[in-house]
Amino acid sequence: MTTIREKLVLVGNGMAGIGTIEQILKLGGAYDITVFGSEPHPNYNRIMLSYVLEGSKTLNDIILNDWNWYEDNNIALHTGTTVIRIDEGSKQVVTDNGMIVPYDKVIIATGSNSFILPVPGSDKEGVVGFRDISDCDAMLVAAKQYRKAAVIGGGLLGLEAAKGLVNLGMDVTVVHLMEDLMERQLDRNASSMLQAELERQGVKFAMGKQTVELSGEQRVSGLRFSDDSTLAADFVVMAVGIKPNVTLAKESGISVNRGIVVDDYLQTSMQNVYSIGECAEHRGMCYGLVAPLFEQGMVLAKHLCGSDTKPYEGSIVSTKLKISGVDVFSAGEFLDSPEHTVISSKDEWKRTYKKILLKNNVIVGAVLFGDVTESANLQKLVKQGAVMTDEIYTEVMGAGCCGVGAKKGTSVEAMADEEIVCGCNGVTKKAIVDAVTEHGFTTVDEIKACTGATRSCGGCKPVVEQILQFVLGDSFQQAAKQGICGCTTLSRDEIVAEITAKDLKTTKEVMNVLGWKQEEGCSKCRPAINYYLGMMNPDTHQDEKESRFVNERMGANIQKDGTYTVIPRMYGGVTTPEDLKKIADVSLKYDVKVVKVTGGQRLDLIGVKKEDLPKVWEELDMPSGYGYAKSLRTVKTCVGSQFCRFGTQDSMGMGALMERKYERLDFPAKFKMAVNGCPRNCAESCTKDIGIVGNDGGWEVFIGGNGGIKPRIADAFCKVKTDEELIEVCSAVMQYYRETGNYLERTSEWVERMGLEQIQTVILNNEENRKELAARIDFALTQVTDPWKKMLNDNSTRAALFEETRL
Amino acid sequence: MATQIYTIGTVQDFLLQIGRVVVAGNVELAVFRTSDGAIYALENRSPHPKGGPLAEGIVSGHFLYDPLYDWKIDLRTGEVQAPDQGIIVTYPVSLVGDIVTVSL
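Since the structure is predicted, the reported quantities are computational estimates derived from the model, not experimental observations.

1. Looking at the overall build of chain B
- Counting its secondary structure elements, chain B contains zero helices and ten strands.
- Put simply, chain B has 104 residues, and 53% of those count as buried.
- Of all intrachain contacts in chain B linking residues separated by at least 6 positions in sequence, the fraction that spans at least 24 positions is 38%.
- Per element, the accessible surface of chain B, about 4400 Å² overall, is 52% carbon and sulfur.

Have a look at this one:
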């Protein structure tokens, strides 16, 4: 018996329509399917046009369903054909080349077109939109011939177009009507960070400019703005927005507002005719992003196949920018108003920004910049309308300064099976888990080939990795091995082992013998190797000035204007009126811009000219404070038993003693200490690399604390009774860190990597070991000298480093 | 304007792989001697939007890592290497015996 299959006509061969057809096929829908597309290609991934423009992908790479797919699934595909009318009476669609095809059901998925500004000159040669492959081709061609481009529109698409053109070598200015980029997705903070980052990557901006005319003869030559200023450009991309493509619906008498009006089952005003994607308008919303397409497609597919489905109730829109090196994410509500409770953190050094908006304690929106690892999680929370809890807070905002360790990786466990992991390709968590369990896949690439997840923007890759890790457990292999920098594949431990085994003496030898890719290394490996060599051979290693970062080479902190900061040593944070007077006199004489008390109880003399540095040090005649070095910075102290009525130990005395003992020695990273006279802990031991707290019967030692980038409360390490024991334990901890720490690794990371117990075992359970470590640091300490004393006695080095030749 | 030639010192005035600032006329130069003995003169100003000097960077082969933002710069052409972008003006250097001259 043959069943008569219903005829389904899809108008529009794009992601939304074909995504729906894929779902229908999966659900076993019994339809004869015909697809019409105006473009001459099979279905491709529009989201990835940026990559084609960037040159990292070709059209072939972004084809989602090739010709064979249509054939294999018995789908009749007509490319280069535009449907011009749907005739409800005769249930037929009519095309521009005269085809007439009967239907039972029609899906209109005609997408949208670039909105071209209706200003004089917008029809000139050299003006394009950014919507499809032909726009992309036009841009690639223009970049070969022309130099100056303007992109009108500082939204998602405009920025991607601009970066693409910069990569193609064009001089690109983004012209934006508003003062903030991506103002429909980002708040002012994130927007200004984004602009700064893109400027760093070579994109120029003309903000708050309204284009009123495109000038030029036949070809565009420039833009004129409403304030009468102008901008030269021989190529213009319009990326000011999209316009739902509703021509067919209008011609056929289907009701249209901005888009084709649909109900919660994607039904248009015409019986048996549905619409999804960018051309559709649902509850007053037209979506220009990809995730809603899949959500609509799933509802429509189920509806057409007669399966039970919840109605489509709209999408929470989230956005990610696809520019390499620029991570931006937003979901739900993102602009704060008085009704919101705002959780935010901004880090201008790491260039990250995180904001979560709550309404009556419900998570309603989020913005991330720089670090988007929490994006999938936040998107889910916003969608669920989750209530903020302490657990969620810790999970998404990180440890905070209370050092409550956030457990990572649990979020994928809690994720629902139907949840979409890859928003670009509509891949659910279940599809990924199935790929792993049924096919035995173990890599992201295999999952990509099988399910399509990560195939597009790649933003979901971390989540896919987490799922892999979650399903596979221990058998999950980490990605390819990475060396300490791009010059080598060797790790720190391998390099140190080779230095010993082959008795290597200089950074040059290390790099030559161990086959460095860049012969003389880079700014990452050279300082690291110089440190390892010095740590291993404190008496024989010739420190290499040329392998030192500027601050350590000059013995002062460089500031962004090229001036320097001088910090005289004040042992334990204690100074004298005489020294203060001298500091004041020198500061006046050399016109110091600011005198500032540092976080570590010292005085910063900020804004000293490079050529004045030797004279400043000579006249101060004080030891260098090493505020610039990977070395012991400061030992912070409280008043202690000398004066404080609560003090049980002499913290000022012990602090000064420690600082004198360990000053000038190189460490893997900067090193800070604190000594407190009583458990009130006024000098804040909990955020120091080594924190010491006095009590009635002796001292307590804490290690691995940090108040900086990665805040961490120090771990209690041990208690000791005498000053001698205290010094021996501190020496051993410092030397063990010097010998096993990665260059630039703070003790907060080191303690977590090594494990507190391991360090305790090495130092506390083995007296011999402890004494040897202490002896090694004492030996290394005999080799250190004050850099400024040395510099002042070395005329030629001083001249070469600090003096300017003036002609 | 006519090219002017400045004598900026002898080879020994320039430490290997360590930059030195030379002000010639109204141009501030960062002068580098690479390990192969070549000498390069660049305008002492980073093309980074925040500016800053170049002379104190780390020199590797014919590349400079700028001291403030770690941009990698080709000393021969002044070109900033990807992913960053920009260009720094370079000036021709000549060696006659031990004497170093630069043409501005």
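2. Structural notes on the pairing of strand 5 (residues 75-78) of chain A
Residue and element names in this part refer to chain A.
- Every second residue of strand 5 is oriented toward a common face, the buried set being Ile75 and Leu77 and the non-buried set Ala76 and His78.
- As paired elements, strand 2 (residues 31-36) and strand 5 share four bridges and run parallel to each other. Its bridge partner lying in strand 5, threonine 34 is registered against alanine 76.

3. Here's the deal with the interface of chain B and chain A
- Each partner contributes residues to the interface: chain B has 35 residues there, and chain A has 35 residues.
- Here chain B meets chain A over a buried area of about 2800 Å², counting both sides, of which 50% is carbon and sulfur.
- Between chain B and chain A we count two salt bridges in total.
- Here Asp70(B) makes a salt bridge to Lys524(A), at a shortest N to O gap of 4.0 Å.
- Linking chain B to chain A there are 17 residue pairs in polar contact (both at pLDDT 80 or more).
- Of all the secondary structure elements, the ones that give two or more residues to the side of chain B that touches chain A are strand 1 (5-10), strand 2 (20-24) and strand 5 (58-60) of chain B.

4. Looking at the sheet that holds strand 36 (residues 690-695) of chain A
All names here are of chain A.
- Taken in spatial order, the five strands make up an open sheet running 34-35-36-37-38, and their pairing is mixed. Two strands in the sheet have a free side with no partner beyond their single neighbour: strand 34 (632-637) and strand 38 (715-720). Across this sheet, the average inter-strand angle for adjacent strands is 20°, counted without regard to direction.
- In this structure, strand 36 lies alongside strand 37 (residues 698-703), joined through six bridges in antiparallel fashion. By the bridge assignment for strand 37, asparagine 695 is matched with glycine 698.
- Against the sheet, helix 21 (residues 651-662) contacts strand 34, strand 35 (671-676), strand 36 and strand 37, and its axis sits at roughly 170° relative to strand 34.
- Set on the sheet, helix 24 (residues 756-764) makes contact with strand 37 and strand 38; between it and strand 38 the angle comes to about 20°.

5. Remarks on the packing of aromatic side chains
Residues and elements named next belong to chain A.
- With the rule as written, the count across this model stands at eleven aromatic pairs over all chains.
- Taking 5.0 Å as the distance between ring centres and 85° as the angle between the ring planes, the aromatic pair formed by tryptophan 69 and tyrosine 70 counts as edge-to-face. In terms of burial, tryptophan 69 and tyrosine 70 fall into one category: buried.
- Here the aromatic cluster, defined as three or more aromatic residues joined through ring pairs, consists of Phe667, Phe671, Tyr736, Tyr737 and Trp750.
- One residue, arginine 219, lies across the ring of tyrosine 146, its end atom 3.6 Å from the ring centre.

6. So, the packing of helix 12 (residues 429-439) of chain A against helix 14 (residues 461-472) of chain A
All names here are of chain A.
- Relative to each other, helix 12 and helix 14 sit at 50°, their axes nearing to 10 Å. By the criterion of interaxial angle, the relationship of helix 12 to helix 14 is oblique. Crossing of helix 12 against helix 14: the hand is right-handed. Residue-level contacts link Lys429, Ile432, Val433, Val436 and Thr437 of helix 12 to Val464, Ile467, Leu468, Val471 and Leu472 of helix 14.
- Grouping the constituent residues of the contact of helix 12 with helix 14 by class yields eight nonpolar, one polar and one charged.

7. Observations regarding the nonpolar core
Residues and elements named next belong to chain A.
- If you look at the biggest cluster of nonpolar residues, it comprises 51 residues, and the most contacted ones within it are Leu8, Leu304, Val421, Ile432, Ile447 and Val464.
- When residues of this core are assigned to their parent elements, the largest contribution, seven residues, is made by helix 8 (residues 290-304).
- Counting residues in each nonpolar core, the second largest holds 47 residues, with Phe130, Ala239, Ile323 and Val367 among its members.

8. Notes on the sheet that holds strand 23 (residues 318-320) of chain A
Residues and elements named next belong to chain A.
- Spatially, five strands are ordered 23-24-27-26-25 in an open sheet, and the strand pairing comes out antiparallel. Pairing within the sheet leaves two strands with one partner each, and these edge strands are strand 23 and strand 25 (341-347). Mean inter-strand twist for the sheet, computed between neighbouring axes without regard to direction, equals 10°.
- Helix 6 (residues 188-200) rests against strand 24 (328-332), strand 25, strand 26 (352-359) and strand 27 (362-369) of the sheet, and its axis sits at about 15° to strand 27.

9. Focus on the pattern of salt bridges
Residues and elements named next belong to chain A.
- In the structure shown here, the tally under the stated rule is 52 salt bridges over all chains.
- Close ionic contact of aspartate 180 with arginine 188 constitutes a salt bridge, the shortest N to O distance being 3.0 Å.
- Put simply, lysine 209 and aspartate 227 hold a salt bridge, and the shortest N to O gap is 2.8 Å. Separated by 18 residues along the polypeptide, lysine 209 in the loop between strand 14 (204-207) and strand 15 (211-216) and aspartate 227 in the loop between strand 16 (220-225) and strand 17 (230-232) bring together distant segments of the chain.
- Residue aspartate 227 is classed as partly exposed on the basis of its relative accessible area, which comes to 46%.
- A cluster of three or more residues bridged by salt bridges with shared partners is formed by Arg569, Arg602, Glu659, Glu663, Arg664 and Asp786.

10. Some thoughts on the environment of Arg351(A)
All names here are of chain A.
- Inspection of the secondary structure puts arginine 351 in the loop between strand 25 and strand 26.
- A relative accessible area of 38% places arginine 351 in the partly exposed class.
- Measuring from C-alpha to C-alpha, the distance between arginine 351 and methionine 193 comes to 7.2 Å, with 158 residues separating the pair along the chain.
- When sequence neighbours within four positions are dropped, the list of residues in contact with arginine 351 reads Met193, Glu197, Arg200, Phe369 and Gly370.

11. So, the state of the cysteines
All names here are of chain A.
- Counted under the stated rule, the structure contains zero disulfides over all chains.
- Of the cysteine sulfurs around cysteine 522, a residue in no disulfide, the closest is that of cysteine 485, at 3.8 Å.
- Judged by relative accessible area, which is 8%, cysteine 522 ranks as buried.

Calculation criteria
- Residues numbered from 1 in each chain as written.
- Chains lettered and ligands numbered in written order.
- Predicted model: local features only at pLDDT ≥ 70, side-chain atom pairs only at ≥ 80, totals over all residues.
- Heavy atoms only, no water.
- Helix = DSSP H or I, 4+ residues; strand = E, 2+ residues; numbered from the N terminus.
- Buried < 20%, exposed > 50% of the residue type's maximum accessible area, 1.4 Å probe, protein only.
- Contact = heavy atoms within 4.5 Å.
- Areas by Shrake-Rupley, 256 points an atom, 1.4 Å probe, with all protein chains shown as cover.
- Pairing = 2+ DSSP bridges.
- Buried area = accessible area lost by both parts, 1.4 Å probe.
- Salt bridge = Lys/Arg side-chain N within 4 Å of Asp/Glu carboxyl O.
- Polar contact = N/O pair within 3.5 Å; in protein donor to acceptor, adjacent residues only side chain to side chain.
- Axes fitted to C-alpha atoms, helices over the stretch in contact; angles between N-to-C directions.
- Phe/Tyr/Trp six-rings, centres within 6.5 Å; stacked < 30°, edge-to-face > 60°.
- Lys NZ or Arg CZ within 6 Å of the ring centre and 35° of its normal.
- Parallel < 35°, antiparallel > 145°, perpendicular 65-115°, else oblique.
- Left-handed = near helix turned anticlockwise from the far one by under 90°.
- Nonpolar A, V, L, I, M, F, W, Y, C, P; charged D, E, K, R; others polar.
- Core = buried A, V, L, I, M, F, W, Y, C linked by side-chain atoms within 4.5 Å.
- Disulfide = S-S within 2.5 Å.

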